[in-house]
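Overview (structure and organization)
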Amino acid sequence: MANNAYEALVKEFMAKIIAKNPAETEFHQAVEEVVESLVPYIEENPKYKAAKILERICEPERVILFRIPWLDDKGEVQVNKGFRIEMNSAIGPYKGGLRFHPTVNLGILKFLAFEQVFKNSLTTLPMGGGKGGSDFDPKGKSDNEVMHFCQSFMSELFRHVGPNTDVPAGDIGVGGREIGFLFGQYKRLRNEFTGVLTGKGREWGGSLIRPEATGYGATYFAEEMLKTRGESIKGKVVAISGSGNVAQFATEKVTEFGGKVVTLSDSSGYIYDPNGIDKEKLEYVMHLKNIKRGRIKEYAEKYGVEYHEGLRPWGVKCDIAMPCATQNEINGDEAKTLVDNGCYVISEGANMPSTPDAVNIFLEARILYGPGKAANAGGVAVSGLEMSQNSLRLSWTREEVDSKLHQIMKDIHATCEKFGRDGDFIDYVQGANIGGFVKVADAMMAQGVV
Ligand code: NDP
């Protein structure tokens, strides 16, 4: 079939998705990117077409929407929206994080849940896909307010989740503190101590390396991509965005591998430290962001480096870029600037951080572009390992978990290469989409029309 025939099929399919899910722009974007890869594959494998796998995989199995009323420190009633998208359970219980951020809406969570299905399949572990969260903004709230909110959130969510049903984790705005409050409330309501959430504290069922996993994994993935050209991270200049969980541990592992991280950011701006963010400076960032809950600008004041208010770090000259903040944080112009400045490796710690224009620029430039659903799968992979340890009632050492994580990232790279190699170029988008799809699609076929 000719390329324009595939394009017509994608257009026809997307018209239906947009009509059925109006105003969910991020969901449309995520589906289109996957469908572009899958349509030619499905035409070659018509059994999936007859079973309407593509139509089914784009429709969540269940969407739960609920009210979260809570009392703030002044005794005033606040109301937020709560969501859980149970997207696909063909290969295991729903699994995916919770996001607390004022921008959260149905379309954003559906895009994240959709991507999660393919990502979880790529990890080789038995996990379905889900995502959830709230438009609650933890910024500026006291610990007490965050706890009251989390307790109210779980007072509804507890009836829908469980260790064999749906196992949420953290995402933007949900770290160890929030997982603790959510777990405490679940345990109280259910009167059982089970692995219902991942990202738990070490003393109460958490896994070593889970906090580090996404940032470490995205770095391992970058290293695997570089290996295909006989290179490594050592000596490379790396631009990272964000300064939260993923950005912090990507900085740690890149530095350990001998790379130099020169930028970090938050939603207010970015810092540029040409000497590199070494171990001691990273410790400062971790304290600033995780304990003091301050702004990245304070780094520039402390170390006397440049701070660029309201900007993203993609104008900085670098060899490797690791977007680790949020969706659509690299647009077409920024992608062009990166490539023009000599950047030739992108390893996405965040989910869908590159717009479709940016992705096209990376693919046309034939650089090493690792999309989030492959590059950031390390987080959910170690969540899967946390579930295994909870079921076994055992805990593995740091070395054991890290070596399993490293192997999983190598296997994901190999899957992307298997389905994405085209001569001397690896299209990791194609590789991740098809590689993630096949296992889920085959499981759906085996389970009948459900
Ligand atoms: P955190 O909440 O720990 O950190 C998020 C960082 O990104 C903060 O620096 C935040 O700045 C910045 N940020 C958030 N929203 C925006 C925005 N709209 N514009 C600009 N900057 C923004 O989250 P994580 O590090 O956990 O997550 C980062 C990304 O990684 C997300 O895309 C997430 O989905 C993805 N991811 C996370 C995984 C995990 O294990 N945590 C697993 C896989 C993917 P500020 O403080 O100013 O808001």
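Residues numbered from 1 in each chain as written. Predicted model: local features only at pLDDT ≥ 70, side-chain atom pairs only at ≥ 80, totals over all residues. Heavy atoms only, no water.

**Some words on the sheet that holds strand β10 (residues 320-322)**
Cut-off, in case you're wondering: The rule for pairing is simple: two strands pair if DSSP sees at least two bridges between them. Strands are runs of DSSP state E lasting at least 2 residues, helices are runs of H or I lasting at least 4, and numbering of each runs from the N terminus. With axes taken as lines fitted to C-alpha atoms, and helix axes fitted only over the stretch in contact, angles between N-to-C directions fall between 0 and 180 degrees.
Across the sheet, which stays open at both edges, the seven strands sit in the order β9-β8-β7-β6-β10-β11-β12 with mixed pairing between neighbours. The open sheet terminates on both sides in strands that have one partner only, identified here as β9 (306-309) and β12 (368-370). Across the sheet, the mean angle separating the axes of adjacent strands is 15° when strand polarity is ignored. With four bridges joining them, strand β7 (residues 260-266) and strand β8 (residues 269-272) adopt antiparallel strand pairing. Opposite Thr263, over in β8, you have Tyr272 as the bridge partner.

**Let's talk about the site of the ligand**
Counted only if it meets this: Throughout this document, a residue counts as near a molecule or strand when at least one of its heavy atoms sits within 4 Å of that molecule or strand. We define a polar contact as two N or O atoms separated by no more than 3.5 Å, with the added condition that, inside protein, one atom must be a possible hydrogen donor and the other a possible acceptor, whereas residues neighbouring each other in sequence contribute only through side-chain atom pairs. For every accessible area listed, the method is Shrake-Rupley and the probe measures 1.4 Å; residues are considered covered only by the protein chains on display. Residues were grouped as follows: Ala, Val, Leu, Ile, Met, Phe, Trp, Tyr, Cys and Pro as nonpolar; Asp, Glu, Lys and Arg as charged; and all remaining residues, including Gly, as polar. Where each domain begins and ends is defined by an automated method or by a domain database.
Asp171, Thr214, Ser267, Arg295 and Asn351 are the nearest of the 24 residues found near the ligand. Between the ligand and Asn245 there is a distance of 2.9 Å, counted from an oxygen atom to a backbone nitrogen or oxygen. Within the side chain of Arg295, an N or O atom sits 2.7 Å from an oxygen atom of the ligand. Coverage of the ligand by the protein chains reaches 83% of its 880 Å² of free accessible surface. Mapped onto the shell around the ligand, the elements with two or more residues apiece are α9 (245-256) and β7. Looking at the shell around the ligand, its residues break down into five nonpolar, 13 polar and six charged. In terms of domain composition, the shell around the ligand takes at least three residues from each of domain 2 (62-194) and domain 3 (213-375).

**Side note on the domain arrangement of the protein**
As a reminder, the rule being used: Here a residue-residue contact requires only that any non-hydrogen atoms of the pair lie within 4.5 Å. By buried area we mean how much accessible surface two parts lose on assembly, using a 1.4 Å probe and totalling the loss over both. Should a side-chain nitrogen of Lys or Arg be within 4 Å of a carboxyl oxygen of Asp or Glu, the pair is scored as a salt bridge.
Assigned domains of the protein: these are domain 1 (3-57), domain 2 (62-194) and domain 3 (213-375). Just the C-alpha atoms count here: the centres of domain 2 and domain 3 sit 27 Å apart. Contact residues are listed per partner, giving 13 residues for domain 2 and 11 residues for domain 3. Summing both sides of the interface, domain 2 and domain 3 together bury roughly 980 Å²; the carbon and sulfur share of this comes to 49%. On the domain 2 side of the contact with domain 3, Phe111, Glu115 and Lys119 bury the most area, a combined 45% of that side's loss. Summed over the shared surface of domain 2 and domain 3, the number is one salt bridge. Between Glu115 and Lys373 there is a salt bridge, with the nearest N and O atoms lying 3.3 Å from each other. Seen at the junction of domain 2 and domain 3, the total is three residue pairs in polar contact (both at pLDDT 80 or more). No other element matches the seven residues that helix α5 (residues 106-122) contributes to the side of domain 2 that touches domain 3. Its residues placed into classes, the side of domain 2 that touches domain 3 shows six nonpolar, no polar and seven charged.

**Side note on the side chain of Glu348**
Keep this limit in mind: Only protein chains enter the accessibility calculation, which uses a 1.4 Å probe. A residue is then buried if its area is under 20% of the maximum for its type, exposed if over 50%, and partly exposed in between. Here the positive residues are Lys and Arg and the negative ones are Asp and Glu; neither His nor the chain ends is included.
Considering the arrangement of structural elements, one finds Glu348 in the loop between β11 (345-347) and α13 (356-364). Of the side chains bearing the opposite charge, Lys373 lies closest to the buried Glu348, which forms no salt bridge; the N-O distance is 7.7 Å. Polar side-chain contacts of Glu348 include one of 2.6 Å to the side chain of Ser354.

**A look at the environment of Glu86**
Its place among the elements puts Glu86 in strand β2 (residues 77-88). The exposure class of Glu86 is buried, given its relative accessible area of 1%. Spatially, the C-alpha atom of Glu86 lies 8.5 Å from that of Gly132, the residues being 46 residues apart in sequence. Among all residues touching Glu86, those that are not within four sequence positions of it are Pro60, Glu61, Arg62, Ile64, Tyr94, Gly129, His160 and Asp166. In this structure the side chain of Glu86 is engaged in a polar contact, spanning 2.5 Å, whose partner is the side chain of Arg62.

**Comments concerning a nonpolar patch on the surface**
Just so we agree on the cut-off: For patches, a residue must show more than 30% relative accessible area and have no salt bridge; joins then use 9 Å for like charges and 5 Å for nonpolar side chains, namely Val, Leu, Ile, Met, Phe, Trp and Tyr.
Where nonpolar side chains cluster on the molecular surface, the patch consists of Leu71, Val77 and Val79 and spans about 290 Å² of accessible area. Of note, Leu71 is situated in strand β1 (residues 62-71). Residue Leu71 is classed as partly exposed on the basis of its relative accessible area of 46%.

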